[in-house]
Amino acid sequence: MPQYLVRKIKIGKTSQLDDLARAAGELYSRTLISFWRTVRKKNIWLSGYSMEKWHISSKLHAHTCDAITQSFYASLKSWRSRKKLDPNSKPPKRRRWFYKVIWKQSAIKLKDGKLRLSNGKGNQPLIVNWHWEKPKQIEMGWNKQSQCYELRACYRQKKVMPKETGNISGCDLGEIHPMAFSDGVDTDIFNGRLLRSKRQYQNKLKAKLSKLIDTKKRGSKRRKQLIKSKQKQLAKINNQIKDIEHKLTSKAVSMLQKRGIQTLVIGDVRNIRKNINYGKKANQKLHQWSAGSIRQKLEYKCAKVGIKTELINEAYTSQTCPACGERHKPKNREYKCKCGFRHHRDGVGCYNIRKKYLGFVPVVGLMASPVGVRFHPHLQCNPID
Ligand SMILES: [Zn+2]
């Protein structure tokens, strides 16, 4: 599967952008209405191809019109496959006042640092300052958090061949330490204090503002203002969290490269959150901890440099003693076993994840004491050193 990269750029809100989004919404709704009408009256499901021929907007590029019809058919298709699992799922029937505008390659031109997005003959093109390469496809959508339009530029990523040789590293995604790596001998533990404090603040802020909003009358002007302000404040801290996660994962991947890692084995924690009650306090901690978003970033950044990633079930990996194989729960941050083995708790997790993947039991040699990777985003502007 080809990998895609998306670059997002906010472009504000102008009457031209409004008109484009409205034209797209009008075309989408028109397609939708005529599709369901023929289903109702004639019991015929019209094909996407005939729809594309019928429904055109004079305000948009011909290929943009095709893309909008195609996106209606895409949601139709996804509903039909969803229906098999969930008979109650609803088909796409909602009309749209505004809809995303898609420019395909034929409508995109780049010249002198300006991107020219054609809207068909006789219409003003959309012109945007552009400091990057020409994208494969561009989509314009509404950014709810910032209350403005954004461009999502799609690039097809050049395929990087996976490395043929190299070491294997285990990775444990944790809540106190966002990432810990072990290549069998060396352990690197990333410090997550900053990330954690931001997440705690985010939760507090969310609760505080929701409480304040609840005291205001429904539909009142003050309430609306507060809701808007809440979204804005949360968006800001969300961006800060994303930024830290990006810097952390970039640093981790460049470290893995330096260590000559070929395969990264990630302990899968997805089954953790479902159905199990860990108690009120632990639940809150688990909720705050977004292992998924860090895992995702690690996966695609590894792929970019040719490091293969594998997911394995991490059950018991944090409890099993690497030296004697007995299981017991560590009480604090240090893992102590009756056999005399002692190590950092998160170091044990990633060591065992690697071992589980390899599937054999090597004699435990020397496990070097862990190296803590401290992270100070304010001291570094470039995450890859
Ligand atoms: Zn032991």
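Predicted model only: the values in this text are computed from it and were never measured. (Residues numbered from 1 in each chain as written. Predicted model: local features only at pLDDT ≥ 70, side-chain atom pairs only at ≥ 80, totals over all residues. Heavy atoms only, no water.)

Novice: Please clarify how the sheet that holds strand β3 (residues 108-111) should be interpreted in this entry.
Specialist: Note: strands within a sheet are paired through backbone hydrogen bonds, in either parallel or antiparallel orientation. With antiparallel pairing, three strands are arranged side by side in an open sheet as β3-β4-β5. Edge positions in the sheet fall to β3 and β5 (126-129), since each has one partner strand and no second. Averaged over all pairs of adjacent strands, the angle between strand axes in this sheet comes to 20°, irrespective of strand direction. As paired strands, strand β4 (residues 114-117) and β5 are joined by four bridges and run antiparallel to one another. (Pairing = 2+ DSSP bridges. Helix = DSSP H or I, 4+ residues; strand = E, 2+ residues; numbered from the N terminus. Axes fitted to C-alpha atoms, helices over the stretch in contact; angles between N-to-C directions.)

Novice: What is the right way to read empty space enclosed by the protein from this model?
Specialist: With a probe scaled to a water molecule rolled over the atoms, the places where space remains empty come into view. For the structure on display, the rule yields three cavities of 30 Å³ or more. Roughly 40 Å³ of volume is contained in the largest cavity. A class-by-class count of the residues in the lining of the largest cavity yields three nonpolar, two polar and three charged. (1 Å grid on protein atoms, 1.4 Å probe; cavity = no way out; pocket = protein on both sides within 12 Å on 5 of 7 lines; lining within 4 Å. Points joined across faces, edges and corners; volume = space filled by probe spheres on them. Nonpolar A, V, L, I, M, F, W, Y, C, P; charged D, E, K, R; others polar.)

Novice: Mind showing me how you'd approach the coordination of the zinc ion here?
Specialist: The reference angle at a metal is 109.5 degrees if four donors form a tetrahedron and 90 or 180 degrees if six donors form an octahedron. Surrounding the zinc ion are the protein donor atoms Cys 321 (SG), Cys 324 (SG), Cys 337 (SG) and Cys 339 (SG), which sit 2.2 to 2.3 Å from the metal. When the donor residues of the zinc ion are listed from N- to C-terminus, their spacing reads C-x2-C-x12-C-x1-C. With relative accessibility at 1%, the residue Cys 321 sits in the buried group. (Donors = N, O, S within 2.8 Å, 3.2 Å for Na, K, Ca; no water. Buried < 20%, exposed > 50% of the residue type's maximum accessible area, 1.4 Å probe, protein only.)

Novice: Help me out: how do you make sense of the layout of surface pockets in this one?
Specialist: Of the voids in this model, the largest pocket is the one considered here, and its volume is about 1,300 Å³. The biggest single contributor to the lining of the largest pocket is helix α5 (residues 221-258), with eleven residues. For the lining of the largest pocket, the residue count by class is twelve nonpolar, eleven polar and 16 charged. There are two domains that each give the lining of the largest pocket at least three residues, and those are domain 1 (4-156) and domain 2 (167-193 + 234-379). (Domains from an automatic or database assignment.)

Novice: What should I look at first to understand the sheet that holds strand β6 (residues 137-143) in this one?
Specialist: Sheet architecture is open: four strands sit in the order β1-β7-β6-β2, paired in antiparallel fashion. Two strands bound the open sheet, and with one partner strand each, they are β1 (4-12) and β2 (101-103). Taken pair by pair, the neighbouring strands of this sheet meet at an average axis angle of 25°, ignoring direction. Here β6 runs beside strand β7 (residues 148-156); their pairing, made up of seven bridges, is antiparallel. By the bridge assignment for β7, Met 140 is matched with Leu 151.

Novice: Got a minute to help me understand the nonpolar core in this structure?
Specialist: One recurring pattern in soluble globular proteins is that nonpolar side chains are buried together. Membership of the largest hydrophobic core comes to 37 residues, with the highest contact counts inside it found for Trp 103, Ile 138 and Met 140. Mapped onto this core, the elements with two or more residues apiece are α1 (15-42), α3 (62-85), β2, β4, β5, β6 and β7. It is α1 that provides the largest number of residues to this core, a total of eleven residues. Discounting residues that sit within four places of it in the chain, Ile 138 has contacts with Val 101, Ile 102, Trp 103, Ile 108, Leu 115, Leu 117, Trp 130, Leu 151, Arg 152 and Ala 153. Counting residues in hydrophobic clusters, the runner-up holds 24 residues, among them Ala 252, Leu 264, Ile 266 and Ile 294. (Core = buried A, V, L, I, M, F, W, Y, C linked by side-chain atoms within 4.5 Å. Contact = heavy atoms within 4.5 Å.)

In short, shape yes, function no, at least from these values alone.
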